[in-house]
Amino acid sequence: MRKFSINREKKNLEPSDEQIKRHKDYSRIRHDYERLTKRGKHPLFKDPKLYLLIVLLGIIMLLVFLEK
């Protein structure tokens, strides 16, 4: 079990000017949000590395099931 301690010191909890400026950049925040929430435009099978991985996994699974 974790042991917690209560910090009773009065500290300044105001954000620094740098933190405020970083969060005021709405275009960057919007871009990051769009990048995280939107799916990619290309289908999975058009990515050559991913397509190769899927094909190899399919072959391996086929060999494993046919071995029995």
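Given the structure is predicted, the values throughout are model-derived calculations rather than measurements.

Criteria and thresholds
Residues numbered from 1 in each chain as written. Predicted model: local features only at pLDDT ≥ 70, side-chain atom pairs only at ≥ 80, totals over all residues. Heavy atoms only, no water. Helix = DSSP H or I, 4+ residues; strand = E, 2+ residues; numbered from the N terminus. Rg over C-alpha atoms; globule rule 2.2 N^0.38 Å. Buried < 20%, exposed > 50% of the residue type's maximum accessible area, 1.4 Å probe, protein only. Areas by Shrake-Rupley, 256 points an atom, 1.4 Å probe, with all protein chains shown as cover. Lys, Arg positive; Asp, Glu negative; His and termini not counted. Charge placed at Lys NZ, Arg CZ, Asp CG, Glu CD. Salt bridge = Lys/Arg side-chain N within 4 Å of Asp/Glu carboxyl O.

(A) Fine view of the overall build of the protein. The number of helices and strands found in the protein is three helices and zero strands. Walking the protein from its N terminus toward its C terminus, one meets helices and strands in the order α-α-α. The C-alpha radius of gyration computed for the protein amounts to 25 Å, which surpasses the reference 11 Å derived for 68 residues by more than 25%, pointing to a less compact arrangement than a globule. Counting only C-alpha atoms and orienting by the principal axes, one finds that the protein spans roughly 70 × 45 × 15 Å. Split into buried and exposed, the 68 residues of the protein put 0% on the buried side. Accessible surface computed for the protein: about 8000 Å², of which carbon and sulfur atoms make up 61%. The centroid of the 17 positive side-chain charges in the protein is displaced by 5 Å from the centroid of its 9 negative side-chain charges.

(B) Spotlight on the pattern of salt bridges. Following the criterion strictly, the structure yields four salt bridges and no others. For aspartate 25, the salt bridge goes to arginine 28, with nearest N and O atoms at 3.8 Å. Residue classification places aspartate 25 among the partly exposed positions, given a relative accessible area of 32%. Taken together, the shared-partner salt bridges in this structure form one network comprising Asp25, Arg28, Asp32 and Arg35.

(C) Region of the structure containing the environment of phenylalanine 65. Topologically, phenylalanine 65 is positioned in helix H3 (residues 48–67). The class of phenylalanine 65 is exposed, set by a relative accessible area of 59%. Phenylalanine 65 sits 24 residues away from lysine 41 along the chain, and the two C-alpha atoms are 34 Å apart.

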